[in-house]
Amino acid sequence: MTRVPVIRNRILKSAETHCQSWHSVQAITGKGLMIGLVMPDVCAELVSVALENKLLINVTAGNVIRLLPALTLTDDEADMIGARLAKAIDQYSTQRAQV
């Protein structure tokens, strides 16, 4: 259990570092490795964008990105998840801006 905060922090720091659109994340919620990112608008389409980036997420309540990563992640895997999440958020934000 002592790795949980390390993994959580690495995922979120990696996402924030790589994401041009991180400012659109309104809040970070959850407990342990159940991570929720509150977005300003409905973002269900983000699920398919994340899948294209080899990342499995859920969107709940219409605007909350939910991550449920494994407890056994290495530091490199946590960093990779954060980077893929960042890429997905950026691609989704770009697509929304073009509409």
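Just above, that's the structure.
Rules behind the numbers
- Residues numbered from 1 in each chain as written.
- Predicted model: local features only at pLDDT ≥ 70, side-chain atom pairs only at ≥ 80, totals over all residues.
- Heavy atoms only, no water.
- Pairing = 2+ DSSP bridges.
- Helix = DSSP H or I, 4+ residues; strand = E, 2+ residues; numbered from the N terminus.
- Axes fitted to C-alpha atoms, helices over the stretch in contact; angles between N-to-C directions.
- Core = buried A, V, L, I, M, F, W, Y, C linked by side-chain atoms within 4.5 Å.
- Buried < 20%, exposed > 50% of the residue type's maximum accessible area, 1.4 Å probe, protein only.
- Contact = heavy atoms within 4.5 Å.
- 1 Å grid on protein atoms, 1.4 Å probe; cavity = no way out; pocket = protein on both sides within 12 Å on 5 of 7 lines; lining within 4 Å.
- Points joined across faces, edges and corners; volume = space filled by probe spheres on them.
- Left-handed = near helix turned anticlockwise from the far one by under 90°.
- Nonpolar A, V, L, I, M, F, W, Y, C, P; charged D, E, K, R; others polar.

Draft legend 1. Highlighting the sheet that holds strand 2 (residues 34-38). Read across the open sheet, the four strands follow the order 1-2-4-3; overall the sheet is antiparallel. This sheet does not close on itself; its edge strands, each paired only once, are strand 1 (27-31) and strand 3 (58-60). Averaged over all pairs of adjacent strands, the angle between their axes in this sheet comes to 30°, without regard to strand direction. With three bridges connecting them, strand 3 and strand 4 (residues 64-67) associate as antiparallel partners. From the neighbouring strand, Val59 faces strand 4, where its bridge partner is Ile65.

Draft legend 2. How the structure looks around the nonpolar core. In this structure, Ile11, Trp22, Leu37, Leu46, Ile65, Leu85 and Ile89 are the most contacted members of the largest nonpolar core, which totals 28 residues. Going through the elements one at a time, helix 1 (3-18), strand 2, helix 2 (46-52), strand 4 and helix 3 (75-98) are the ones with two or more residues in this core. Examining the composition of this core, we find that seven residues originate from one element, helix 3, more than from any other. Apart from the residues within four sequence positions on either side, Ile65 is in contact with Ile35, Gly36, Leu37, Met39, Cys43, Leu46, Ile57, Asn58, Leu85 and Ile89.

Draft legend 3. Spatial organisation of the layout of surface pockets. Estimates place the volume of the largest pocket at around 180 Å³. Lining of the largest pocket is provided by Leu55, Leu56, Ile57, Asn58, Arg66, Leu67, Leu68, Pro69, Ala70, Leu73 and Ile81.

Draft legend 4. How the structure looks around the environment of Thr2. With respect to the element layout, Thr2 can be found in the segment before helix 1. Once the C-alpha coordinates of Thr2 and Pro69 are considered, the two residues, 67 residues apart in sequence, prove to be 15 Å apart.

Draft legend 5. Up close: the packing of helix 1 against helix 3. It is at 7 Å that the axes of helix 1 and helix 3 come closest, and there the two elements cross at 35°. For helix 1 against helix 3, the interelement crossing comes out right-handed. For the pair formed by helix 1 and helix 3, the contact residues are Arg3, Val6, Ile7, Arg10, Ile11, Ser14, Ala15 and His18 on the first element and Asp75, Ala78, Asp79, Ile81, Gly82, Ala83, Leu85, Ala86 and Asp90 on the second. Along the lines of polarity and charge, the residues of the contact of helix 1 with helix 3 split into nine nonpolar, three polar and five charged.

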